[in-house]
Amino acid sequence: MSEQPHKNVVSLEGVKGELSAFADLVDNTLVSPSGQANLLYIKSVTDAQKISRTIITPFYEMEDMSAYRDYIITYPGSEEGTTVERALELLLSGYAGLAIQSRVYFFDALLSENSSVSQTTTESVTQGPSDGFTENLAINLNLVRRRYQSPQLKMESMLIGNISRTKVAILYDESRVNHEVLAELREKLGTLKVDILQAAGELEKYISSDKLRLIPKTIVTERPDRVVFNLAEGKVALLTDTTGFAIVLPCIFNDFFIAMDDKINLPFVGRFLKLLRIIGVAMTLWLPALYVALTSYNPEIIRIQITLLIAGSRATVPYPSFVEVLIMLLMMEFLTEASIRLPRAVGPTATTVGGLILGQAATEAGLVGNIMIILVAAVAISNFLIPLNMMSFSIRVLKYYFVLAAIVLGLVGIVICFVGFTMYLCSQRSFGQPYFRLFLLDDVMKGQRKGKGGKG
Amino acid sequence: MAKPRYFYYLIIMNSLINIINFVPRELIDRRFEGALMSIVISVIVGTLFVYWFGFLISKFPEKGIPEILGPLMPKLLVSAILLFFAVLWYVAGATTLLSFVDITLRFISPDTGPYLVMGGFLIMVCICCRFDSLSLLFGLEIILAITLPLILYATFKALGNPNFSWDAVLQIGTHFWHAPDWMSLAAATFSFSGYINLIIYNRVFQNLKLKHIWIVGIEGFLVLLVTFFVPIGYFGTVGVERHVYTWFATADSI
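Quick caveat: nothing in here was measured; it's all calculated off a predicted structure. (Residues numbered from 1 in each chain as written. Chains lettered and ligands numbered in written order. Predicted model: local features only at pLDDT ≥ 70, side-chain atom pairs only at ≥ 80, totals over all residues. Heavy atoms only, no water.)

### Some remarks on the overall build of chain A
For clarity, the threshold we go by: Numbered from the N terminus, helices here are DSSP runs of H or I no shorter than four residues, and strands are runs of E no shorter than two. Note that the radius of gyration is over C-alpha atoms, with the globule rule given as 2.2 Å times the number of residues to the power 0.38. Residue exposure (1.4 Å probe, protein chains only): buried if accessible area is under 20% of the type maximum, exposed if over 50%, otherwise partly exposed.
For chain A, the helix and strand inventory stands at 16 helices and 12 strands. In terms of overall dimensions, chain A is more spread out than a globule: its C-alpha atoms have a radius of gyration of 28 Å, far above the 23 Å expected for 456 residues. Overall, the C-alpha framework of chain A stretches about 100 × 50 × 45 Å when taken along its three principal axes. In chain A, which comprises 456 residues, the proportion classed as buried is 49%.

Printed below as a string of structure tokens:
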């Protein structure tokens, strides 16, 4: 009132315009006999108690607006807004904006939920952040917003499930997102009719149109840093309340083989790890099938020594190679499954002892060949190189298709199955976007591409 | 929309599959009667064909032959032409598939039943032909990316083999100046006939650019030379004619 309005003063209305489509934006007007103030903050990054205690209560207690303003200015951590950019930055990092007498002040009200955030359990990394999503949507939003402080990060919220009324938040970076994908997602979520929604994986099942799909087409992750990394590539993230996982879409086949360590390690180490993963997938998919094909159909392809070695180790085995492979693979699956269900303390012991003793005894009894044991172990280990669980499970099941093809047609079957699988991958679309092709070549030809999703 | 590079994949694929059945046979049958000259001429003619067809079809972005002919001709004529094409394609596909089954049984897994192998291939083909053109092009790219290095490796391995008789190759080279011959010319231009696929795949090409057509010429020439000379190098100038699937016998002997 008494002061001249500052030249580049920001108005809360202007800031609010920038933050459209922020479902968790709160805009209150405080009115008392002495005057009025506008309060603007983002709910998921601010501490509601602190705002109520240090901003709202004094407002009604103080009689003079100037005194209140002085109180706000002198409060530690508060600052006056100068430019819109700075104002957005402050709001996104957990400040509350307060407009008093045509001036805007920012008040530090950051919510820090350090205590309740736990470590990741299914996607561990050696270095780098180990925060995992929790089962609380607000905390999850806080985890994402803290890492992605941009006014372009929009959020829409929805309630899904007639009974469970699960809160679902759609997050995306407006300047980078593909709007067709977004429209398709909104339409799918809007028409979704379910009673109970409890897990992110469940939601993933509902929103993918293809009922008979062999491979996951959306990433289900529990790492906020993966979500942020993907948001920056223009992808959409779905956060669900009551589950510690987020869904990222659309995605390509390659995305499933990126671990968050790749970025942290030295580039050549990262590439090596990626290569390891690809070799691992190839091994786990093809080794059992190749074993069947090479022992039963085409022993002439490999060197004579290896043929003899395999034949020697199978000398006592009383049934064809595919029975041997299936028995051992099933045994391995039982062990893997059992170790998930067993109590944490017993789990590893049961697996090791079960695996070792079973394998040892089975070979000594002459039921399976020695080479088979090595092969099964290699298959089991290499399967878990895949950083994302959904894909790892898909690959686990897919190898049986290859074994089946090898049983029926030998090596030719494997080749047919491989070509068919490649074509199948190529025919898939994740929310209208191609799922699998040589993205690498696109990158090389164009020089650069906006996202880095396809980089091999 | 597909990028122009997929056009080249279609041609490369066709020139690579030419070794499966008839092309080497035809060429080698006339190795003393102008096959070499035919190869040289076919490179020029084939490249011109590719360029010509690509140029014409690029005037109709995102349209296959059915869509191009549809508004121009009477309905009956269009159906007749399309039926003719369909039969032609079917026969070509079936022949390739059958010879593939035969080759599989002969060289790869002699103990599997022919119907089983046929069934396996058919299931794969049926699954694939339900996919849309763009996916098939993506798939083609991936498959080429996987097989091309293997093919190159095998070729260099074949050429570097001490049992490869360069004398036989030079001996055939002396017949270079023989007048070209229709059969081998026709067989050799098959290598370039991948452009025919555009009559359907043009649906996904928006702006087809034909800047690097020379690649097609060089690639086709090299493939034809390898197709022609490697069996001769292995079996000698006269011995080659004793094989039905010349190239698979060659691959087997490597």
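From this point, the narrative continues.
### Considering the pattern of salt bridges
Two side chains that carry opposite charge are able to pair once their charged atoms sit near each other. Residue and element names in this part refer to chain A. To keep it simple, the criterion reads: The term salt bridge refers to a side-chain nitrogen of Lys or Arg lying within 4 Å of a carboxyl oxygen of Asp or Glu.
Summed over the entire model, instances satisfying the criterion amount to 15 salt bridges over all chains. Among the salt bridges present, the one from Asp225 reaches Arg223, with a minimum N-O distance of 3.0 Å. Across the pair, exposure class does not vary: Asp225 and Arg223 are buried alike. The partner of Arg314 in a salt bridge is Glu324, and the shortest N-O contact between them spans 2.7 Å. Of this pair, Arg314 sits in the loop between helix H11 (304-313) and helix H12 (321-341) while Glu324 is found in helix H12, placing the two residues 10 residues apart along the sequence. In this structure Arg314 comes out as buried when scored by relative accessible area, which is 16%.

### Let's talk about the interface of chain B and chain A
Spelled out, the test is: In what follows, residue pairs with any heavy atoms lying within 4.5 Å of each other are defined as contacts. Here's the idea: put two parts together, see how much 1.4 Å probe accessible area each one loses, and the total over both is what we call buried area. Polar contacts, as counted here, are pairs of nitrogen or oxygen atoms within 3.5 Å of one another; within protein the pair requires one atom able to donate a hydrogen and one able to accept it, and residues that are adjacent in sequence qualify only if both atoms are side-chain atoms. Ten residues, namely Ala, Val, Leu, Ile, Met, Phe, Trp, Tyr, Cys and Pro, are considered nonpolar, four, namely Asp, Glu, Lys and Arg, are considered charged, and the remaining ones, Gly among them, are considered polar.
Every contact between the two is made by 27 residues of chain B and, on the other side, 24 residues of chain A. Across the interface of chain B and chain A, roughly 2200 Å² is buried in total on both sides, 75% from carbon and sulfur atoms. The interface formed by chain B and chain A contains 1 salt bridge. Close ionic contact of Arg429 of chain A with Asp132 of chain B constitutes a salt bridge, the shortest N to O distance being 3.5 Å. The tally of links between chain B and chain A comes to 1 residue pair in polar contact (both at pLDDT 80 or more). The leading source of residues in the side of chain B that touches chain A is helix H7 (residues 133-160) of chain B, at 10 residues. Looking at side-chain class alone, the side of chain B that touches chain A contains 16 nonpolar, 6 polar and 5 charged residues.

### Thoughts on the sheet that holds strand E9 (residues 236-240) of chain A
Residue and element names in this part refer to chain A. Stated precisely, the cut-off is as follows: DSSP bridges decide pairing: two strands pair if at least two such bridges lie between them. Orientation is described by lines fitted to C-alpha atoms, with helices fitted over the stretch in contact, and by angles between N-to-C directions that extend from 0 to 180 degrees.
In space, the 5 strands of this open sheet follow the order E6-E7-E9-E10-E8, with antiparallel pairing throughout. Of all strands in the sheet, those with a lone pairing partner are strand E6 (153-160) and strand E8 (219-221), marking the two edges. Each adjacent strand pair in this sheet contributes to an overall mean axis angle of 25 degrees, direction not counted. By the bridge criterion, 4 bridges tie E9 to strand E10 (residues 246-249) in an arrangement that is antiparallel. Residue pairing across strands places Leu239 opposite Ala246, the latter belonging to E10.

### Overview of the domain arrangement of chain A
Residues and elements named next belong to chain A. Threshold: How far each domain reaches was decided by an automatic or database domain assignment.
When the domains of chain A are assigned, the result is domain 1 (12-108), domain 2 (137-251) and domain 3 (262-440). When each unit is reduced to the centre of its C-alpha atoms, the spacing between domain 1 and domain 2 is 30 Å. Taken together, the 13 residues of domain 1 in the interface contact 13 residues of domain 2. Of all residues in domain 1, the largest losses of buried area upon contact with domain 2 belong to Phe22, Ser44 and Leu92, amounting jointly to 42% of the total for that side. On the surface where domain 1 and domain 2 come into contact, there are 1 salt bridge. Across the salt bridge formed by Asp24 and Arg145, the nearest N and O atoms sit 3.0 Å from each other. Where domain 1 touches domain 2, the interface holds 2 residue pairs in polar contact (both at pLDDT 80 or more). Here the side of domain 1 that touches domain 2 is composed, by residue class, of 8 nonpolar, 3 polar and 2 charged.

### Re the sheet that holds strand E4 (residues 95-100) of chain A
Across the sheet, which stays open at both edges, the 5 strands sit in the order E1-E2-E4-E5-E3 (chain A) with antiparallel pairing between neighbours. Two strands bound the open sheet, and with one partner strand each, they are strand E1 (25-32) and strand E3 (79-80) of chain A.

### Considering the pairing of E9 of chain A
One face of the sheet, then the other: side chains in a regular strand alternate in exactly this way. Residues and elements named next belong to chain A. Counting buried residues in E9 gives 5 out of 5 residues, a clear majority hidden from the surface. In E9, alternate side chains face the same way, and those of Val236, Leu238 and Thr240 on one face and Ala237 and Leu239 on the other are all buried. Bridging between strand E7 (residues 166-173) and E9 involves 4 bridges; their strand directions are antiparallel. Directly across from Ala169, in E9, lies its bridge partner Leu239. In this structure, the hairpin formed by E9 and E10 is closed by a connection of 5 residues, where Thr242 is found at a positive phi of approximately 65 degrees.

### Some thoughts on the confidence of the model for chain A
Residue and element names in this part refer to chain A. Using the following cut-off: The predictor reports its confidence for every residue as pLDDT, a score running from 0 up to 100.
The predicted model of chain A has a mean per-residue pLDDT of 80, with 91% of residues at 70 or higher. The model gives residues 1-8 a pLDDT under 50, and that stretch makes 6 contacts with residues more than four places away or in other chains. Low pLDDT, under 50, characterises residues 448-456; the stretch is placed with 24 contacts to residues that sit more than four places away or in other chains.

### A look at the confidence of the model for chain B
When pLDDT is averaged across chain B, the result is 81; 98% of the residues are at 70 or more. Per-element confidence in chain B ranges from a low mean pLDDT of 72 for helix H12 (residues 246-253) of chain B to a high of 86 for helix H6 (residues 114-129) of chain B.

### Comments concerning the UniProt feature "transmembrane region" (unreviewed entry) in chain A
Residues and elements named next belong to chain A. The line we're drawing: UniProt positions are given in the numbering used here, feature names are shortened, and annotations may be inferred rather than shown by experiment.
The UniProt record annotates "transmembrane region" (unreviewed entry) at residues 275-297, 317-335, 367-388 and 400-425. Summarising residues 367-388: 64% helix, 0% strand, and an end-to-end C-alpha distance of 34 Å. Within the segment residues 400-425, helix and strand shares are 100% and 0% respectively, and the terminal C-alpha atoms sit 17 Å apart.

### Observations concerning the state of the cysteines
Basically, it comes down to this: Two cysteine sulfur atoms make up a disulfide if the distance between them is within 2.5 Å.
In this structure the tally under the stated criterion is 0 disulfides over all chains. Here Cys426 of chain A is not disulfide-linked; the sulfur of Cys128 of chain B is the nearest cysteine sulfur, at 9.4 Å. No disulfide involves Cys128 of chain B; its nearest neighbouring cysteine sulfur is the one of Cys129 of chain B, lying 7.8 Å away.

### Brief notes about the packing of helix H8 (residues 166-173) of chain B against helix H11 (residues 213-239) of chain B
Residue and element names in this part refer to chain B. Definition in use: Roughly parallel covers angles under 35 degrees, roughly antiparallel covers those over 145, roughly perpendicular covers 65 to 115, and oblique covers all other angles. Rotating anticlockwise by less than a right angle from the far helix to the near helix defines a left-handed crossing, while the corresponding clockwise rotation defines a right-handed one.
The contact between H8 and H11 brings their axes to 7 Å, and the two run at 115 degrees. In this view, H8 runs roughly perpendicular relative to H11, as classed from their interaxial angle. Crossing hand, H8 versus H11: right-handed. On the side of H8, the interface is formed by Ala168, Val169, Gln171 and Ile172, while H11 contributes Phe228, Phe229, Ile232, Gly233, Gly236 and Thr237. Taken together, the residues of the contact of H8 with H11 sort by class into 6 nonpolar, 4 polar and no charged.

### A closer look at the packing of aromatic side chains
We apply this condition: Classification of ring pairs uses Phe, Tyr and Trp, with its six-membered ring standing for Trp, and accepts pairs whose centres are within 6.5 Å; under 30 degrees between planes counts as stacked, over 60 as edge-to-face, and the remaining range as tilted.
On inspection of all chains with the given rule, the structure shows 18 aromatic pairs over all chains. Between Tyr6 of chain B and Phe138 of chain B, the ring centres sit 5.9 Å apart and the planes meet at 55 degrees, which makes this aromatic pair tilted. On the criterion of sequence distance, the pair formed by Tyr6 of chain B in helix H1 (residues 5-17) and Phe138 of chain B in helix H7 is long-range, its members being 132 residues apart. You can call Tyr6 of chain B buried: its relative accessible area is 1%. An aromatic cluster of three or more residues is present, and its members are Phe59, Tyr60, Tyr68, Tyr71, Tyr75 and Phe107 of chain A.

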